Amino acid sequence: KMDEGWAARVAAAAEEGKVLRHVGIVNVAEGTGKVVVKAVDNKNPLFRLKAQENLVEFHTSRYDPDPLIMKGPSAGTDVTASGIFADLLRLGRTLV
């Protein structure tokens with residue numbers, strides 16, 4: 001169930017013919033990364049994603065101006081959660 005703020009964002013995006021997607025951006029040259037929620041239209045490959053799917057675009061000197069796009073099924077919530085938990089345990093061992 002969505003709270004009022006999210007419901008308003010979903011409705012505003014839908015009025016413009018858009019959907020909300022989580023977008024992760026990694027800038028290798030700058031060593032930065034972030035995740036944002038973005039409204040995308042039907043020209044964006046993220047628009048057509050179904051639940052439990054991932055999409056990755058590679059923008060490089062070789063793939064410019066058209067990025068390399070990889071799309072496929074995600075691991076699902078259980079596998080992802082266990083992977084994150086394993087990463088946290090591994091990180092914890094390196095900090096001790």
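The text that follows walks through the structure, step by step, so that each part is easy to find. (Residues numbered from 1 in each chain as written. Predicted model: local features only at pLDDT ≥ 70, side-chain atom pairs only at ≥ 80, totals over all residues. Heavy atoms only, no water.)

## Examining the overall build of the protein
Counting secondary structure elements, the protein contains two helices and four strands. Along its sequence from the N terminus, the protein presents helices and strands in the succession α-β-β-β-β-α. Its C-alpha radius of gyration of 17 Å places the protein more than 25% over the 12 Å reference for a compact globule of 96 residues. Expressed along its principal axes, the backbone C-alpha trace of the protein runs to roughly 50 × 40 × 25 Å. Every one of the 96 residues in the protein was classed for burial, and the buried ones make up 10%. Counting only contacts in the protein whose residues sit at least 6 apart along the sequence, the fraction spanning at least 24 positions is 16%. (Helix = DSSP H or I, 4+ residues; strand = E, 2+ residues; numbered from the N terminus. Rg over C-alpha atoms; globule rule 2.2 N^0.38 Å. Buried < 20%, exposed > 50% of the residue type's maximum accessible area, 1.4 Å probe, protein only. Contact = heavy atoms within 4.5 Å.)

## Some points on unusual backbone geometry
Geometrically, the link from Asp-64 to Pro-65 is a cis peptide bond, its omega value of 10° lying close to zero. One can find Pro-65 in the loop between β3 (53-58) and β4 (68-73). For Gln-52, which is not glycine, the phi dihedral falls at a positive 70°. Relative accessible area serves as the criterion here: at 46%, Gln-52 is assigned to the partly exposed category.

## Re a nonpolar patch on the surface
A surface patch of nonpolar side chains, about 400 Å² in accessible area, is lined by Val-56, Phe-58, Tyr-63, Leu-68 and Met-70. For the nonpolar patch, the elements supplying multiple residues, two or more each, are β3 and β4. Judged by its relative accessible area of 35%, Tyr-63 falls in the partly exposed class. (Patch = residues over 30% accessible without salt bridge, like charges linked within 9 Å, V, L, I, M, F, W, Y side chains within 5 Å. Areas by Shrake-Rupley, 256 points an atom, 1.4 Å probe, with all protein chains shown as cover. Salt bridge = Lys/Arg side-chain N within 4 Å of Asp/Glu carboxyl O.)

## Brief notes about the pattern of salt bridges
Any two side chains of opposite charge can pair if their charged atoms end up close together. This model, assessed by the stated rule, comprises three salt bridges. In this structure, Glu-53 engages Lys-71 in a salt bridge whose closest nitrogen and oxygen atoms are separated by 3.9 Å. Taken together, the residues span a long stretch of sequence, with Glu-53 in strand β3 and Lys-71 in strand β4 at a distance of 18 residues. Accessibility expressed as a relative area gives 48% for Lys-71, which makes it partly exposed.

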